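What follows is each chain in one-letter form.
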Amino acid sequence: MSGDLEFAHALADIADAITVARFRASDLRVETKPDLTPVSEADRAAEEAIRAQVAASGRGEGVLGEEYGDDGGDARWIVDPIDGTKNYVRGTPVWATLLALEREGEVVLGLVSAPSLHRRWWAERGGGTFSNGERCRVSSVASLDDAAISTTSSRRMPNGWTEIVQRSWTNRGFGDFWQHCLVAEGALDLACDTVVNLWDYAPVQILVEEAGGRCTTYDGTPTAAGASFVSTNGALHGSVVSLLRT
């Protein structure tokens, strides 16, 4: 395990200790941000703890986090302290801390820690994807008729999504980070999000790609903050994007 990956696991351990302790707490404080999404005290505390550890490490890296913005710099940790906050505040156990390490504009490492699911996924560029220590690979499904698919929300999906759903073998709504991790594992064949921020997709994109899959916008263009995001096993990507464009 590289020094970068060891440090990523240490950051995840710090976040897990905070988020697990406050999950389903009767006195959990939750506020609504200006974009009308919820934020809990645990979101903020986890990001604060990650930032403090990065600063104290002497590694010379910054942090771009969902709650407290961007420190800047050529090397930075991209942090979503709790992906799936709506699940977290309602007591649904599908939530995770998402971490990615970016150097000179390239994401070189991603880690997703979902303690309530007892799962952790990680990948380094060129080193493959792993879940709880086992190697992950995308599926070999090559026909949409045989595909297992998922989306975080069916709202505002392009018209082509209806055809994808009708043709697919099974349609689920696992949502958020989990669906993309399942693509990396080969349990799903494609997963979609209509709008994502950098901290939503950077950690999971490298997981999917290092497992042999592919990620783009619905138009087939490179992933970007504020755009759509689709991850697939690669074999289905062309046909899926051709439908999502419509």
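Keep in mind that this is a model prediction, so the values were computed, not measured.

Here we look at the nonpolar core
Now for step 1: Formed by 33 residues in total, the largest nonpolar core has its most connected members in Ile-78, Val-112, Trp-121, Phe-177 and Leu-207.
Now for step 2: Those elements giving two or more residues to this core turn out to be strand S6 (96–103), strand S7 (106–114), strand S8 (119–124), helix H5 (176–185) and helix H6 (198–210).
Now for step 3: Counting residues per element, this core draws most heavily on H6, which supplies eight residues.
Now for step 4: Residue contacts for Trp-121: discarding those within four places in its chain leaves Gly-110, Leu-111, Val-112, Ala-114, Phe-130, Ser-131, Cys-136, Phe-177, Trp-178, Cys-181, Glu-185 and Leu-207.
Now for step 5: Judged by nonpolar contacts, the second largest core, of 18 residues, contains Leu-5, Val-54, Leu-109 and Leu-111.

Describing the pairing of strand S15 (residues 229–232)
Now for step 1: Going residue by residue along S15, you find Phe-229 and Ser-231 tucked away on one face and Val-230 and Thr-232 tucked away on the opposite face as well.
Now for step 2: With four bridges joining them, strand S13 (residues 190–193) and S15 adopt antiparallel strand pairing. Residue pairing across strands places Leu-190 opposite Thr-232, the latter belonging to S15.

Some remarks on the pairing of S6
Now for step 1: Most of S6 is tucked away, with seven of its eight residues classed as buried.
Now for step 2: Here strand S5 (residues 75–83) pairs with S6 via seven bridges, running antiparallel. Bridging from a neighbouring strand, Ile-78 pairs with Ala-100 of S6.
Now for step 3: Of the pairings in the sheet, the one linking S6 to S7 comprises seven bridges and is antiparallel in character. Each residue of the ladder has a partner; that of Leu-101, found in S7, is Leu-109.
Now for step 4: The antiparallel pairing of S6 with S7 creates a hairpin that spans two residues between the two strands, and Glu-104 there sits at a positive phi of about 50°.

As for H5
Now for step 1: The element H5 is largely enclosed, with a buried count of seven among its 10 residues.
Now for step 2: Within the span of H5, buried status applies to Phe-177, Gln-179, His-180, Cys-181, Leu-182, Val-183 and Ala-184.
Now for step 3: Just past H5, the residue Gly-186 takes up positive phi, approximately 90°.

A closer look at the packing of aromatic side chains
Now for step 1: All told, the structure shown has eight aromatic pairs when counted by the stated rule.
Now for step 2: Centroid distance Phe-23 to Tyr-88: 5.4 Å. Interplanar angle 40°. Geometry classified as tilted. Note that Phe-23 is positioned in the loop between helix H1 (3–22) and strand S1 (30–32) and Tyr-88 in helix H3 (residues 85–90), a separation of 65 residues in sequence. Tyr-88 matches Phe-23 in its accessibility class, with the two residues each being buried.

Concerning the pattern of salt bridges
Now for step 1: Going through the model one piece at a time under the given rule, you end up with 21 salt bridges.
Now for step 2: For Arg-51, the salt bridge goes to Asp-71, with nearest N and O atoms at 3.1 Å. With Arg-51 in helix H2 (residues 41–56) and Asp-71 in the loop between strand S4 (69–70) and S5, this pair connects stretches of sequence that are 20 residues apart.
Now for step 3: Given a relative accessible area of 49%, Asp-71 falls into the partly exposed group.
Now for step 4: Note that Glu-209 and Arg-125 form a salt bridge whose closest N and O atoms lie 3.1 Å from each other. Residue Glu-209 is found in helix H6, and its partner Arg-125 is found in the loop between S8 and strand S9 (128–131); the two are separated by 84 residues along the sequence.
Now for step 5: Salt bridges linked by common partners bring Asp-4, Arg-59, Glu-61 and Arg-103 together as one network.

A short note on the packing of H1 against H2
Now for step 1: Viewed as axis vectors pointing N to C, H1 and H2 meet at an angle of 155°, and their least axial separation amounts to 9 Å. Considering their axes alone, H1 and H2 lie roughly antiparallel with respect to each other. As for the relative orientation of H1 and H2, their crossing is right-handed in sense. Contacts from Phe-7, Leu-11, Ile-14, Ala-15, Ile-18, Thr-19 and Arg-22 in H1 reach Glu-41, Ala-42, Ala-45, Ala-46, Ala-49, Ile-50, Gln-53 and Val-54 in H2.
Now for step 2: Its residues assigned to classes, the contact of H1 with H2 shows 11 nonpolar, two polar and two charged.

Examining the sheet that holds S5
Now for step 1: With mixed pairing, the eight strands of this open sheet are ordered in space as S4-S3-S5-S6-S7-S8-S9-S10. Looking along the sheet, the strands with just one partner apiece sit at the ends: S4 and strand S10 (134–136).
Now for step 2: Against the sheet, H2 engages strand S3 (62–65), S4, S5 and S6, with an angle of about 155° to S5.

The rules we used
Residues numbered from 1 in each chain as written. Predicted model: local features only at pLDDT ≥ 70, side-chain atom pairs only at ≥ 80, totals over all residues. Heavy atoms only, no water. Core = buried A, V, L, I, M, F, W, Y, C linked by side-chain atoms within 4.5 Å. Buried < 20%, exposed > 50% of the residue type's maximum accessible area, 1.4 Å probe, protein only. Helix = DSSP H or I, 4+ residues; strand = E, 2+ residues; numbered from the N terminus. Contact = heavy atoms within 4.5 Å. Pairing = 2+ DSSP bridges. Phe/Tyr/Trp six-rings, centres within 6.5 Å; stacked < 30°, edge-to-face > 60°. Salt bridge = Lys/Arg side-chain N within 4 Å of Asp/Glu carboxyl O. Axes fitted to C-alpha atoms, helices over the stretch in contact; angles between N-to-C directions. Parallel < 35°, antiparallel > 145°, perpendicular 65-115°, else oblique. Left-handed = near helix turned anticlockwise from the far one by under 90°. Nonpolar A, V, L, I, M, F, W, Y, C, P; charged D, E, K, R; others polar.

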